Each structure stands twice: as structure tokens, then as C-alpha cells.
Amino acid sequence: MISKQIKILPTGQVAILTIQNPPVNSLGSALRVALGKALNEAIADPGVLAIVLTGAGKLFSGGADIREFNTPLTSQKPLLRDLISTLENSPKPTVAAINGIALGGGLELALGCHYRVADAQASFGLPEVKLGVLPGAGGTQRLPRLIGVEAALDIITSGDSINADDGLRYGLIDQISVGDLVQEACQLGLLAADSTEGMRRLSRGPVAAPKDPGVFEVARQQAGRRYRGCMAPLECIACIEKTLTSDLDEGLEFERERFQLLVNDDQSKAQRHVFFAERAAMKLPDADVQPRPIKHVGVVGAGTMGGGIAMSLANAGIPVVLLERDQAALDRGWKVMKDNYAASVKRKKLDQFAMEQRLALIKRTVEYQDLANVDLVIEAAFEDMDVKKEIFSNLDIVCKPEVILASNTSRLDINVLAAATSRRSHVIGTHFFSPANVMRLLEVVQGAETSPEVIATLFNLARVIGKIPVLVGVCDGFVGNRMVSPYTREAHFLLEEGASPAQVDGALRRFGMAMGPLQMGDMAGLDISWAARKRMAPTRPAHIRYSSVADRICEMGRLGQKTKNGFYRYEEGSRNPIPDPMIDELIKECALAAGIQRREISDAEIIQRTMYALVNEGARILEEGIAQRSSDIDVIYVAGYGFPIFRGGPMFYADTVGLPEVLATIERFHAEHGELWTPAPLLKELASSGRKFSDL
Ligand code: 3HC
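Quick caveat: nothing in here was measured; it's all calculated off a predicted structure.

The rules behind these values
Residues numbered from 1 in each chain as written. Predicted model: local features only at pLDDT ≥ 70, side-chain atom pairs only at ≥ 80, totals over all residues. Heavy atoms only, no water. Helix = DSSP H or I, 4+ residues; strand = E, 2+ residues; numbered from the N terminus. Rg over C-alpha atoms; globule rule 2.2 N^0.38 Å. Buried < 20%, exposed > 50% of the residue type's maximum accessible area, 1.4 Å probe, protein only. Areas by Shrake-Rupley, 256 points an atom, 1.4 Å probe, with all protein chains shown as cover. Lys, Arg positive; Asp, Glu negative; His and termini not counted. Charge placed at Lys NZ, Arg CZ, Asp CG, Glu CD. Near = heavy atom within 4 Å. Polar contact = N/O pair within 3.5 Å; in protein donor to acceptor, adjacent residues only side chain to side chain. Nonpolar A, V, L, I, M, F, W, Y, C, P; charged D, E, K, R; others polar. Pairing = 2+ DSSP bridges. Right-handed = clockwise from strand over helix to strand, strands pointing away. Salt bridge = Lys/Arg side-chain N within 4 Å of Asp/Glu carboxyl O. Axes fitted to C-alpha atoms, helices over the stretch in contact; angles between N-to-C directions. Parallel < 35°, antiparallel > 145°, perpendicular 65-115°, else oblique. Contact = heavy atoms within 4.5 Å.

Our focus in this paragraph is the overall build of the protein chain. Of regular secondary structure, the protein chain possesses 28 helices and 17 strands. Computed over its C-alpha atoms, the radius of gyration of the protein chain comes to 28 Å, within 12% of the 26 Å expected for a compact globule of 696 residues. Along the three orthogonal principal directions, the C-alpha set of the protein chain runs to about 90 × 60 × 50 Å. Within the protein chain, the fraction of its 696 residues that count as buried is 54%. Surface summary for the protein chain: the accessible area is close to 29600 Å², and the carbon and sulfur share equals 53%. Treating the 77 positive side-chain charges of the protein chain as one cloud and the 84 negative ones as another, the clouds have centres 1 Å apart.

Now the structure itself:
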């Protein structure tokens, strides 16, 4: 696991300890034992003057082994903090030679060293907050002592990495290697061993107060916005604040307590579930299939979705040909894209040069013929089967034989589109989420005849453009939107039964959703689901309960934020939903017409009705094989629908509540509200056999 090498250099002897634990050099129990032994030997060896710690392969270390958390292995000695204190208290200079990535416990190990040298590609971060924990091996105490409270607050509460230049600027590293990293680290170690200045160690006393005492409050507010409802960022801030009043040992003790609290909490378990779920979703069903290279992409439609997709591709350096029906529509779309990029430049997220480079990658056209040589076309036209079929048959004529044809439909049947072409195996769905240049989720929809190579190619492209691809099957709405239907249905029923829009949305926001379903409807535009309901009206069974609230709102011309009113009203230039008494009246009328006796509705009922509607539909989706894993559904909801990461996604949430309890409540709803609540057979099977969705 760890290879200990003693390299004899011309000027003396250095023990080079190389962390070797593929794939990410994580610091699991076996590795810690080996590292502890190697460190103690090097310290005891009179021939060794200095110790260099580095990582094998492309990275230094990805941190503690997350899979060992909440298992006995995590408390197996030596603990990470023991190793760090051995490095720090070593009588011989210790130098971290940081090759590539140093994250979490990996960076904390480097912070225990007396010196840090990194290569120019190195990056450093303490991403524990994203896993619902905090840097638990001294990171919250040593980083502020090394680089100051303000910079440490930024790094620890964001969880984001910084690069080598910033590392040097902050004083996190001592030098950037210009040649052989390990050789330079050895030289630094030997120089230090030779020096008469004494061992360089971080101060054990409290750190200097920040210039602005308000920084902690600002950090708390920022964390509240970014990690809505998560406990970990607040605990991180408390630990950093502790450095102002405590010495290192006291601070480390405080940090350890807070870490234990977090690691045993359901929030962190949920966040770690999402970490592994994302990685599982990104794995191809057939790992041996090779993706094809995608060098040029055509995008059909320069509206909100098409523009966002074109930007995502250009952001990754992929040339795009953007096709619209007419010049006016093309110009409108182009202006929106330019404005979006300009806004990023204004916010200093992008420089002017990068903006121009990206825009230059997007060629605009109104001629299908210009798509003749692209490797992939993503159609993002109006959501109408006839419109899309016509586009696909045109593409079939002009594009080269091996082209992949993808549709950005959010619910239409990919097999029908494939049938409009002469190459069904090359047709696939790519459901992006709005805004497509920002949202990380991509539902990759596999048609009945889509080839494994085409799926592999889209998965690879997704990774290149920074998306999380999740493979789903064909059905109305695929996974995400299919589940949204019963979720919003229940929200509308709850209105008729006695809740107000603000109460439904408020309860779900307090549960952790980024937005409630009614506010989300107003944002997306109420006409979209209205059109779908009208389409389905002729086949809707008359005996099934149907809420006419949303239809009545649309009939009044209230289509959501774009008309300044929907379930709420909006003031000019504001997206802030304001409750509207007119809607309360309308809801009462609908309830009366449907013969519903309105009553007091509790927040708990709102959560159960909406969440269990998601879970029951999710179980059916799993049964039908539309999703491959229950954790894929969780990824879709967390990455695409604002589901709170600290609850791990709807299926993980149901596992946390306990499937027997979820089923009992659904059976009660079934008895009270009728067949829309028929429990999914898979849910019954799991609950009765004492299993969970995660056991599937
Ligand atoms: N522990 C256990 N497994 C890990 C891991 C970790 N810290 N980091 C990654 N893995 C696993 C992944 O699950 C994946 O496993 P799989 O092949 O079975 O699916 C495999 O390693 C490869 O991971 P990626 O696909 O993510 O590889 P990439 O090359 O794309 O990314 C990485 C590498 C940037 C290191 C990324 O894996 C990552 O961000 N890892 C997590 C880093 C992190 O959060 N570290 C903090 C850990 S907590 C900690 O250190 C606590 C301490 O303060 C006490």
C-alpha cells in the first residue's frame, strides 16, 4: 500500500514516502497503518535527515476513505490526526510534495508537514462540507493559522478547490515546482535540516482576529444560501471561529467533537449517498463499449434550451453549428447568449477574451445543409411531436450516415422520433435542464433500438461538458418529469382541501426543496403543463379525481411569472411571489364545485402527500426498468429538481423514514383518496421483506 523509498541525494539522505492506494490514494485504515510505520521508521533512522511525503500516480490524495465512515475501520489506529501530529512533531523536517490533487484529509496531511511544494497543476481543497462533514483532521484549526481566517473561511465553507498559483498567493504552499517536484521537495527538506533556525511549526496559540469581525456572520449567510438547510457549513464556521479563542489542542478537540456529531447525522449519510450515487449513475451499463469522438455538434433551435446547450458545448471548446428556422429567431437567440456571457464577464466569472473565444465557436445558420458534417445533432425545438418528426426526417436527409441524432425532449417518445429516420440505432434522447449551461443533470434517454455505442458517446460527451449523465428509458416524462406529475397533482389537491399556495410551498421549502411546486409552476410557465393536460383530457378516466385549479388559473390568462401572475402575483422586475386573494377565492370555488369540505392542513401532511407521491411513482419507475437504480432517481431529483441534498433524494429519504412506515401512510391515503394512491407493488415487496430501495 505504501512504498517507502530512501533516496540518497548528493547532499544527504531523505526518506521519500509515497502514498499508493489507487484510484484516489484515499487514506483508509490499512494505508494509515503502513504510513504510520514508515514515518516512525524514518524518524528513528539516524541516516535520514528529512522526510518527503508524496502521492503515486496523478494525485497526492483524495482524502479520508469515505466508505469507512460509520464503520469500525474509521477508529482504527493510527488515526489521521495521529499521523498529522507525528509529521508536525517530527524532529526532522517534513515536506509535502503535492502532485496533482490534495483534498480533504490529503490536504490536512500536507498541513501537518513543515513545508509544502506543489506542481503547477496541483489543486487543493477541503470539500468535506459537500459530504455533510467538516475537515476533521485539523483542517479547520491549521488552515486559519497558516493563511488567515478570511481565506480559510472561503476555502472550507465553499468546499471548492484552489489552484497552485492561488495556493502560493495565500501562503498555503511554499513554492511551485519548476522541474522535478520530489527532487525539489528533498532539497528543501535538506536545507531545512541544515538550518540553525529550528523546526518550522504552525503556532499553537490563538490566531489573529480578522480585520472585519462581521466575516463570520457573512459566511453564515452565504453558506445558508449555497448549502440551504445543511448543518455542516455552520459547524465549519464555528470551528474556524474557535481558532480566535483557543490554542491548537483545544481547537482540535472541539473540531473532533463537531466532526463526530456530523458524521453520525442523517444529513451527512444522505450527502455521502449522493456522492456515490452520482458516480454510479455515470457508469455505463457496458463498460467495454468505446465512445465515438465528437468534434462538431449541431444544435437545432436557438431558444432558451438550444441556446443553453450550445453554450455548454462551446464552454468545453466544442464547435457548434446553431440552426434556426429564420434569421429573426436566430438573432433573438444569439442576443440572449451574448447577454448571458456578458453577465458572466460582469460578475467576473469569465474574462472578455474567453467570452469571445466561446462565441466564436458557435456558427449560426438557417440552412439544414450546414449540418452535413457534424458528428452529433441535438434538437431543441418546440415540444411538439410533429415539429420534431419533421426536423428528424430533414436531419436524416442532410446529415452524414454515422451522425448521432439526439432530441432534447422532456417527455415525448424517442422511439417515434427514431422511426422518422432511417437510422433508429443512432437516435437518442438528451434531456437537459434549464438553464442548460448551468444545470448539471442530463437524462440520457435510451430508445428501443439505441445502440450501446451511441449511449457511450453521449455519456462521454456529458462528462466533457461537465454534466452528470443518468440513463433512463422511454415513458411519458422519463424519470424526472414523470415523477413531478403526481407531486404537483397532490399540491393542487391540497389547495382544494384547505391549504394556500404559500402554505404548500412554504412547507416544502422548509423541508429543504429549493422551491415549492406552485412557485416552480409559475417560474416554468403554467401553459406547458396546461397543454399536456389538454392533450391527455380525452383519455382521462372520469371517475379519477382531477383538480381544475391550475386550468382555471390558466383560463384567466395567468401563465406564471411571464404574465406577472399565476398561483401568485409578481411586481414588475421581481420574481418574488406575492400571495393573491383572488387565487384563494378561486381555490375555494373549485373546492365547492368539487364538493370538497375544506379543512386545516398540517405541514406534515403536505410533506407526506407530496413526497410519498414521488416515492410511489419512483418505485413504479424502478419496477418498469425506466431507471437502472434507485440511486439514479435520487441523483435526478437532487441535481435537476432542487431536492435537498441533505435528504439524499426521494428514494433515500423513503429509506430513511422506513419503507414500512411509508407504505402504511400510502395505504391510508389509498383508503382516503382512492386509486391514485394504489401502492406500487415493489414498495410493498420491499417493505414486507424488510428491505430498502438501496438494497436493490
Ligand atoms: N474515499 C473513498 N472513495 C473515493 C474517494 C474517497 N475520498 N474519492 C473517490 N473515491 C472513489 C469514487 O467513489 C470512485 O469509486 P468507483 O470507481 O467505485 O465509483 C473512484 O474513487 C474514483 O473517483 P472519481 O470517479 O470521482 O474519480 P475522479 O478522477 O473523477 O475524481 C477526485 C477524483 C477529485 C479525488 C474525486 O473522486 C473526489 O472529489 N473525491 C472526494 C474527495 C473528498 O471529498 N475528500 C474528502 C474526504 S472526507 C475527509 O477527508 C475527512 C477528513 O477531513 C477527516
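Glancing now at the site of the ligand. Close to the ligand lie 23 residues; Gly-105, Glu-108, Glu-128, Arg-279 and Lys-283 are nearest. Contacts to the ligand include Glu-108, whose side-chain N or O atom sits 2.7 Å from an oxygen atom. Residue Gly-136 places a main-chain N or O atom 3.0 Å away from an oxygen atom belonging to the ligand. Here the element with the most residues in the shell around the ligand is helix H11 (residues 266-281); it accounts for three residues. Residues that form the shell around the ligand fall into these classes: twelve nonpolar, five polar and six charged.

So, on to the pairing of strand E15 (residues 427-432). Where burial is concerned, most of E15 is hidden: six out of the six residues are buried. With burial as the criterion, each face of E15 is covered, one bearing Val-427, Gly-429 and His-431 and the other bearing Ile-428, Thr-430 and Phe-432. Note that strand E14 (residues 404-407) and E15 share three bridges and pair parallel. The residue of E15 that forms the bridge with Ala-406 is Ile-428. With helix H16 (residues 414-419) bridging E14 and its parallel neighbour E15, the resulting β-α-β unit is right-handed. The pairing of E15 with strand E16 (residues 441-446) spans four bridges and is classified as antiparallel.

Within this structure, the stated rule accounts for 42 salt bridges. For Asp-174, the salt bridge is made with Arg-200, and the minimal N-O distance between the two is 3.0 Å. Here Asp-174, found in the loop between helix H6 (164-170) and strand E9 (175-176), pairs with Arg-200, found in the loop between helix H7 (181-194) and helix H8 (215-226); they are 26 residues apart in sequence, far enough to count as distant. When the shortest N-O distance is used, the salt bridge between Arg-545 and Glu-497 registers 2.7 Å. Of this pair, Arg-545 sits in the loop between helix H21 (526-536) and helix H22 (549-555) while Glu-497 sits in helix H18 (residues 480-497), placing them 48 residues apart in sequence. Several salt bridges converge on common partners, so that one network encompasses Arg-489, Glu-490, Glu-496, Glu-497, Arg-545, Arg-599, Glu-605 and Arg-609.

For the pair H11 and helix H25 (residues 630-640), interaxial distance at closest approach is 9 Å and the crossing angle is 105 degrees. When the axes of H11 and H25 are compared, the pair comes out roughly perpendicular. In this structure, H11 uses His-273, Val-274, Ala-277, Glu-278 and Ala-281 to contact H25, whose residues at the interface are Ser-631, Asp-632, Asp-634, Val-635 and Val-638. By residue class, the composition of the contact of H11 with H25 is five nonpolar, two polar and three charged.

Reading across from one edge, E5-E7-E8 is the order of the three strands in this open sheet, with mixed pairing throughout. Two strands in the sheet have a free side with no partner beyond their single neighbour: strand E5 (101-103) and strand E8 (162-163). As paired strands, E5 and strand E7 (residues 123-125) are joined by three bridges and run parallel to one another. In the sheet register, Leu-103 faces E7, and the bridge partner there is Gly-125. Relative to E5, helix H3 (residues 105-112) is tilted by about 95 degrees, and along the sheet it contacts E5 and E7.

This next bit is on the side chain of Arg-411. In this fold, Arg-411 is placed in the loop between E14 and H16. Apart from residues no more than four positions distant in its own chain, Arg-411 is found in contact with Glu-383, Cys-475, Asp-476, Gly-477, Phe-478, Asn-481, Ser-485 and Arg-535.

Pairing is mixed across the open sheet formed by eight strands, whose spatial order is E12-E11-E10-E13-E14-E15-E16-E17. The sheet terminates laterally at strand E12 (362-365) and strand E17 (468-473), the two strands that pair on one side only. Neighbour-to-neighbour, the strand axes of this sheet turn through a mean angle of 25 degrees, independent of strand direction. Packing against the sheet, helix H13 (residues 327-346) makes contact with strand E11 (320-323) and E12, and its axis sits at approximately 160 degrees to E12. The sheet strands contacting H25 are E16 and E17, and the helix crosses E17 at an angle near 125 degrees.

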